[in-house]
Amino acid sequence: MNSAGRRTRKDSGSGDNSSRTMRTRQDSTIKDINGVLSVRFLDDADALEKICCISKTAPKMSRVGELLRNSQHLISHRAGTPMTVADPDSESEPESPPAQPNAALTELNSAQLEVEDTVRGTAVFGFQRCHRRSHLRRVAEEFAQKSPVKTSAADIKSPGTPRRGCSGLPASIGSGRRGGRRPVSRTVDDRNRSRSRSRSPPPARSRSRSKSRSRSRSPPPPQRNGRTPSTPKSAAGRTPQTPRGRASAALPAKTPQTVRRKVKLRLSKLKQEDIAVSDDDDDSDVSPLEDSSEDEYKAPMEEEEDDDEESEEEDDEEEEEEEASTVPPAAVRGRGGAPRRRPELEPAAVSAEDYFSLHSAGGPTSNHTLSRLSEPRLSGAALRALLDARPTDHAAERAALLTDLEIMFPHWLAAVSHGFNILLHGLGSKRDVLERLRRQHLRERLHMVVSGYHPSVTPRQLLLTLLEEALDVPAPPSKLEAQLEAVERRLAAPGAPALFLLVHSIDGPMMRAEKMQYVLARLAQLPRVHLLASADHINSPLVWDQHKLAQFNFLWFDATTLLPYTEETSYENSLLVRQTADLALSSLRHVFKSLTPNARGIFILLAKNQVERASDKTFDGMPLSELYQRCRDAFLVSSQVALRAQLTEFRDHKLIRTRQSHDGVEQLTVPLEAALISEFLASCEDS
Amino acid sequence: MATSSLTKSCFVFKPKSGGSSSAALDSSQYFAGLSDDMGIQSAERRSQTFNSTWQTAEKLCTDFQEEMFNTVFHEMIEYLQGSVDIEEDAGIPTATLITGVNMPDHTGVFRSLAERLRAQVTAHVAVLEAASCTTVQATVRAMVRQLTAAGEPLSPDVPVVDEDDEDDCLLDVPDQTSRQRRAPATMPALVAHYEAAQETVASPKKRSPRKRARTAPQRRPLVVVWRDLEAFQPRVLQDLVLICSQYRSRLPISFVFGVSTCASAVHRLLPQHVSARLSLHKFHSQLATHCLAEMIDKVLLSPSMPFRLGGRALRLLLDIFLYHDFSVNNFISAYKFCMLSHFLWSPASALCCEPGQLEERVEELTGAQVAGLRALPSVRAYLDDLEQEERHTLQHDGVFKEWVLHMAPKLHSKHEELLVGLRCLFALTKRLPGALLGKQFREAYNLALLHALPERDEYKRTFQLLNMLSRQELTATLEHALEAVSGSGSALSTLLRTQLDRVRALDDRPTPVSAEESSQQRRLVADTLKQATSRQSLRESLQSMGAARNARLNPYETLRSALLAELDEHLRGLIVQPSKWPFNECVVFDDVSLVRRRLVGAPRSSVQTALADPAKYLQCTCCQLGDAASIRPTMPDLCIVYKLHLECGRLINLFDWMQAFRAVVGASDDDQTIQARFAHCVAELQFLGFIKSTQRKTDHVARLTWGSC
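About the thresholds
- Residues numbered from 1 in each chain as written.
- Chains lettered and ligands numbered in written order.
- Predicted model: local features only at pLDDT ≥ 70, side-chain atom pairs only at ≥ 80, totals over all residues.
- Heavy atoms only, no water.
- Helix = DSSP H or I, 4+ residues; strand = E, 2+ residues; numbered from the N terminus.
- Buried < 20%, exposed > 50% of the residue type's maximum accessible area, 1.4 Å probe, protein only.
- Contact = heavy atoms within 4.5 Å.
- Areas by Shrake-Rupley, 256 points an atom, 1.4 Å probe, with all protein chains shown as cover.
- Expected span 1.5 Å × (residues − 1).
- Pairing = 2+ DSSP bridges.
- Axes fitted to C-alpha atoms, helices over the stretch in contact; angles between N-to-C directions.
- pLDDT = per-residue confidence, 0-100.
- Salt bridge = Lys/Arg side-chain N within 4 Å of Asp/Glu carboxyl O.
- Parallel < 35°, antiparallel > 145°, perpendicular 65-115°, else oblique.
- Left-handed = near helix turned anticlockwise from the far one by under 90°.
- Nonpolar A, V, L, I, M, F, W, Y, C, P; charged D, E, K, R; others polar.
- Patch = residues over 30% accessible without salt bridge, like charges linked within 9 Å, V, L, I, M, F, W, Y side chains within 5 Å.
- Core = buried A, V, L, I, M, F, W, Y, C linked by side-chain atoms within 4.5 Å.

(A) The overall build of chain B, seen in detail. Along the backbone of chain B there are 33 helices and 11 strands. Taken over 709 residues, chain B has a buried fraction of 53%. Pairs at least 24 apart in sequence give 73% of the contacts found in chain B among residues at least 6 apart. If you sum the accessible surface of chain B, you get close to 32100 Å²; carbon and sulfur atoms cover 52% of it.

(B) View of the environment of F110 of chain B. Mapped onto the elements, F110 of chain B comes out in helix α5 (residues 103-120). Not counting chain neighbours up to four residues away, the residues in contact with F110 of chain B comprise T99, V225, W226, R227, D228 and G258 of chain B.

(C) Spotlight on helix α22 (residues 480-492) of chain A. Along its 13 residues, α22 of chain A runs 18 Å from first to last C-alpha, staying within 8% of the 18 Å computed at 1.5 Å per residue. Considered for burial, the residues of α22 of chain A that qualify are L480, A482, Q483, L484, A486, V487, R490 and L491 of chain A.

(D) Expanded view of the pairing of strand β3 (residues 125-128) of chain B. Residues and elements named next belong to chain B. Side chains of β3 alternate between two faces, with V125 and V127 and A126 and L128 buried alike. Sheet analysis places β3 next to strand β4 (residues 222-226), joined by four bridges and oriented parallel. For L128, the partnering residue across the bridge sits in β4 and is W226.

(E) Quick peek at the sheet that holds β3 of chain B. All names here are of chain B. Across the sheet, five strands lie side by side as β3-β4-β5-β2-β6; this open sheet has parallel pairing. Of all the strands in the sheet, the pair left with one neighbour each is β3 and β6 (278-284). On average, each strand axis in the sheet is tilted by 20° relative to the strand beside it, whichever way the strands run. Direction of pairing for strand β2 (residues 92-98) relative to strand β5 (residues 253-259): parallel, over a ladder of five bridges. Across the sheet, residue A95 finds its bridge partner in β5, namely V256.

(F) Molecular detail of the confidence of the model for chain B. Residues and elements named next belong to chain B. In the predicted model, chain B carries a mean pLDDT of 82, and 87% of its residues have values of at least 70. Across residues 151-181, where pLDDT falls below 50, the model places 30 contacts with residues more than four positions away in sequence or in other chains. Segment residues 204-217 is flagged for pLDDT under 50; beyond a separation of four residues in sequence, or across chains, it makes 14 contacts in the model. Of the two predicted TM-score estimates for the complex, the pTM is 0.68 and the ipTM is 0.84.

(G) Summary view of the pattern of salt bridges. Throughout the structure, instances matching the rule amount to 31 salt bridges over all chains. One salt bridge connects E567 of chain A with R431 of chain A, and the closest N-O pair in it is separated by 4.0 Å. Of this pair, E567 of chain A sits in helix α25 (residues 566-569) while R431 of chain A sits in helix α20 (residues 431-441), and the two are 136 residues apart along the sequence. A salt bridge links E360 of chain B to R45 of chain B; the shortest N-O distance between them is 3.2 Å. Taken together, the residues span a long stretch of sequence, with E360 of chain B in helix α15 (residues 358-364) and R45 of chain B in helix α4 (residues 43-81) at a distance of 315 residues. R45 of chain B gets classed as buried once you look at its relative accessible area, which sits at 18%. Through salt bridges with shared partners, one network takes in E435, R438 and R439 of chain A.

(H) The packing of α22 of chain A against helix α23 (residues 514-525) of chain A, seen in detail. Residue and element names in this part refer to chain A. Two elements in contact, α22 and α23, have axes separated by 11 Å at closest approach and are oriented at 15°. On the basis of the axis angle, α22 is roughly parallel to α23. As for how α22 packs across α23, the hand of that crossing is right-handed. Residues L480, E481, L484, E485, V487 and E488 of α22 touch α23, and the partners they reach there are K515, Y518, V519, R522 and L523. Classifying every residue of the contact of α22 with α23 gives six nonpolar, no polar and five charged.

(I) Quick peek at unusual backbone geometry. Even without being a glycine, L562 of chain A presents a positive backbone phi close to 60°. Mapped onto the elements, L562 of chain A comes out in the loop between β6 (554-558) and α25. Residue class for L562 of chain A comes out buried when judged on its relative accessible area of 6%. The phi torsion at F326 of chain B lies on the positive side, around 60°, for a residue other than glycine.

(J) A look at a nonpolar patch on the surface. Together, Y355 and F356 of chain A together with W706 of chain B give the surface a local cluster of nonpolar side chains, amounting to about 310 Å² of exposed area. Topologically, W706 of chain B is positioned in the segment after β11 (700-703). Relative accessible area serves as the criterion here: at 31%, W706 of chain B is assigned to the partly exposed category.

(K) Quick look at the sheet that holds strand β2 (residues 421-425) of chain A. In space, the six strands of this open sheet follow the order β6(A)-β2(A)-β5(A)-β4(A)-β3(A)-β1(B), with mixed pairing throughout. Looking at which strands have only one partner, the edges of the open sheet turn out to be β6 of chain A together with β1 (10-13) of chain B. Each neighbouring strand pair of the sheet contributes to a mean axis angle of 15°, computed without reference to strand direction. Relative to strand β4 (residues 499-504) of chain A, strand β3 (residues 446-451) of chain A is paired through six bridges, and the arrangement is parallel. Paired with V450 of chain A across the bridge in β4 of chain A is V503 of chain A.

(L) A look at the nonpolar core. By size, the foremost hydrophobic cluster in this structure holds 159 residues, and its most contacted members are W412 of chain A together with L309, F331, Y335, L492, L567 and F583 of chain B. Element by element, the count of residues in this core is highest for helix α19 (residues 397-430) of chain B, at 15 residues. Apart from residues lying up to four places away in sequence, Y335 of chain B is in contact with W54, A57, V299, L300, M305, F307, L309 and L317 of chain B. Among the nonpolar cores identified, the runner-up in size contains 47 residues, and L625, L654, V664 and V682 of chain B belong to it.

And the structure:
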């Protein structure tokens, strides 16, 4: 209780003030409230006067509600109707009837249980699911029973600063809360063991729910200074959040780990600032977002690193206050002339401990497989069709990111013309960026585009294309080194053109070879070659050593576009996309056409046999002797030698596969799926 | 023409009109393209100025490097010149050049070395690189090719295309009739070639080139330079050494080993029976830090450079150098980028030029530009300090221009003053304990750029320490300081000289203590001794007496504090932080965050930031996160999938992952679409390198990263 006392002392001074300023801020933008909302609901609901303000965002709420399951539509509408009436200025007056939101809440809980059922399969993602499910059901029932009590409880809870202002209260509330939290409270060891899971949704969710339950039990405290926000409003404010809580599947259970991590982060930051250039505080370039995060880390610094849950809560609260106060104003978003500010990046806060926890824990995964789906692996075409049919989210924002990059084009070209090379990094396909650059500025220049993500790109191909097509060398030398020298000599000659080399994914699968990078570095070094490249892989810098980096002389640009990597991933063997056999089928057709009629007959015989016995699990190929017998019957071959000759040809073209069975009999199969074979046979019969 | 194809990965686009492609890139249009309305007027001017300024800097750099190489290679070249005379038994004369770990600079070092060798020692020089010498055969070929090619006079009239062909033919069909003189690249061929070359040189004495007639012996050595010895395969290296030592009687081969770590690397690579065939001599190239110090002194601080780096930018560049690569070339490249950014982004940089051109530039200023200059922070701060009246007159453009013309040249003189003052101060502190201003001048300079040095503790402490120096020490220190500033011919050097004279002229004898005084003192002591009743009171009285005597300074001490006060005052006048100068934005570039983002790439953190908090990039209201780990259904799919995967251990069950994704995004889409969205995101994560497929369990993927951010 020590820390509780401390908090009370601390808060009693500042609480009212800060909450008032908070409210005015919240009034200012709806966005702010949204920010508050998400945190507020899930973490702690004790400063209810904040929640009151939310009531005025009712239209917003209903918009959010649309995103939820059908079962929740009703609720959000119902919650929405009373709230639209609410006047944000008169928060202290109760306004809407309490029953509706409470009913909505109950319904929501049962709806959530349904959701739980659908998600039941998840082992990792649905942490402690059985336990939680029964718990949730209990909670829902309690809600249903106690809804009138609940209102009074919330009434109690809400006045001014219940936790802050009143020193007599904490004992009851504190114990209530603690009791409520018991189902999810874990020992430190437990937390350590499942650190990776500690961010999973269930603890946070059940915590908040149990908290409110416990609150409903706590005795009514004395009313404070008349600023009692109305119960209905607080409940209404909270109602739409509940689905949100369910939807945002991972809100961290605020363990001391998070506190510790932040402290660590802060320390490492401080240290880094000491080492590297630190005093760019007055940089105009630092985005407000960065500032907010800075502030955020200062808060936990003052906290002592103790496992007491109270201090966490305090921590949460402070954090979220700052969060609400430092949400960047909408005006920051520059669409027009000036490029918008790219966020100043923080160093990734990864501690070495995480590595060991990841590798030691290795929590068991469930045995579910994709075969539970109706169609485990979609075909590439189907996938694309489905994705194309769907409107992209954040289309305007993504387009704005792209236009911002366009503004930088002259900068890149200026840098490039003075001997630097450009490397674009950041999330999202940067193909469009380079394509736009090419279309807008390089029309009148000699340039070459290399698709690094292409599986067949090789240094030789690159140099040959460069020599033959770009530099018009009729007979380029065959050796790589000689080719490089030829290019160098060509471009060193007076009057040689400047060559722009645009490389998509300079770290693509085929580009990672030492030879490729050697060639590119040699080329990039030439004064007349201007390289503009993009890098996607997170470990891409590992491709280059000091020497190559110096040769490349890169300037790094953050070109985050958040566009889908459609083109780039289309060559990759995706895990969830069925490998289409179109290629195999068409090659089969081509080879088949060149066969003699007898050979065709043999193959069709073999294929038909395989289709017929497709359902037979024990079938693993047609024995050679049987095939010979059948071929003889059909007058396709006259001797086994002739048959073998044909089979050799098939094998060379990979039309068949032979396997020795355990008793030494050669068995022949066509290495294609039965469906494909029958499709092929059908097309044969047509022609 | 599209750039996506199933089979093709390289696409060439040629300009439709052939003429413009060969035109050099004109960067001034890009300067204009980036500028706003105000900057566009000076865009061309700025582009020109950048070009000329960079040329100046480049020339300074190359001059400096030439000079440096001269000193470094001097001894080695002498050794190689004499190497022919070393008798055969002694083994192959080998110069081990310790180059240091600054790999990116080595290209320049070895290029310059080869040039020098060709000019001063022999025409037969081969530079071998590890990348192209993976087998003995390739190495011998590369070596012989270079050695023989260099001996022949290259006919300059051979067209380029022919050379291509020639190269090709030689590599593939070596014995074509027309090119028989280029025999296959083997050691016997090299011997034959060398002997032939020697004959032709020996017979017509008149044709002997350059100073060979005087210094070089009869036979010219063949020098083989091994760049970056550690990178070669030991096997290849050993074989080559053995082969060459076989031919030592016929070919005066000598080696140059470029070693970047330490000399013992040679012995690690070569076993005893091989290294016995070598006679090793060690040479050191200059330390990279030393080069940098010289470079900064000669280039960055050169009075002929109008452009200056600000404190923070300089510190970043130094940090990159010291903690990252030790490469002087990279430092120069970064410096160039700073310069480019300065001229590219700052409209005020139009005035960054030689003082001589300033008048013309100021004349050119338009109204908007003048307004821009007036809005510079330093100018505004200066104007605010002025009287109301004066400020008012400066509102007039004509007057303002004159004022600019008056103030701008001072930027350069002020920098000179700063340098002089700083050099003096640095010389003063150099001998003091604790290296208050750092061990290198660049540190002191950086400090002076970053802070108002006279207000710093370091400065105060320096003078405190100086005030404790003995006479000899002070004389020595002042001499050093005088030496440091003597070249400048400033007032400071005269001041130092007079001070030095005064110290020297000070009477050496100890000041005679007057008899009266001494007797008085003696009496006082006696009194005290008598009066002392206890040991403690005696001690106290003695202490107070001692303090009284100490307070009286001797003449040297008086002079010393007077001198130092004078010096202090003078230095305070000189050492002014550049950011306090009005118009410093014209010549000083200090946008450190820009430079850092461009030069120190952080691709991983940009990707992870975008994934963990897309709102930072999208700047949308719907995805604002209260906590870094929370998920919003409105976020882009990839971010949701990424965040879900953070919750997992090493293995991730695809099916469960998809269910979690479905739970987050809600039921807005049908199952197939959600599956498609998920599949695409998984493919993207795989492409980005966060996951990979695994065989350990069906329908699982392995996570490749750890931690959660």
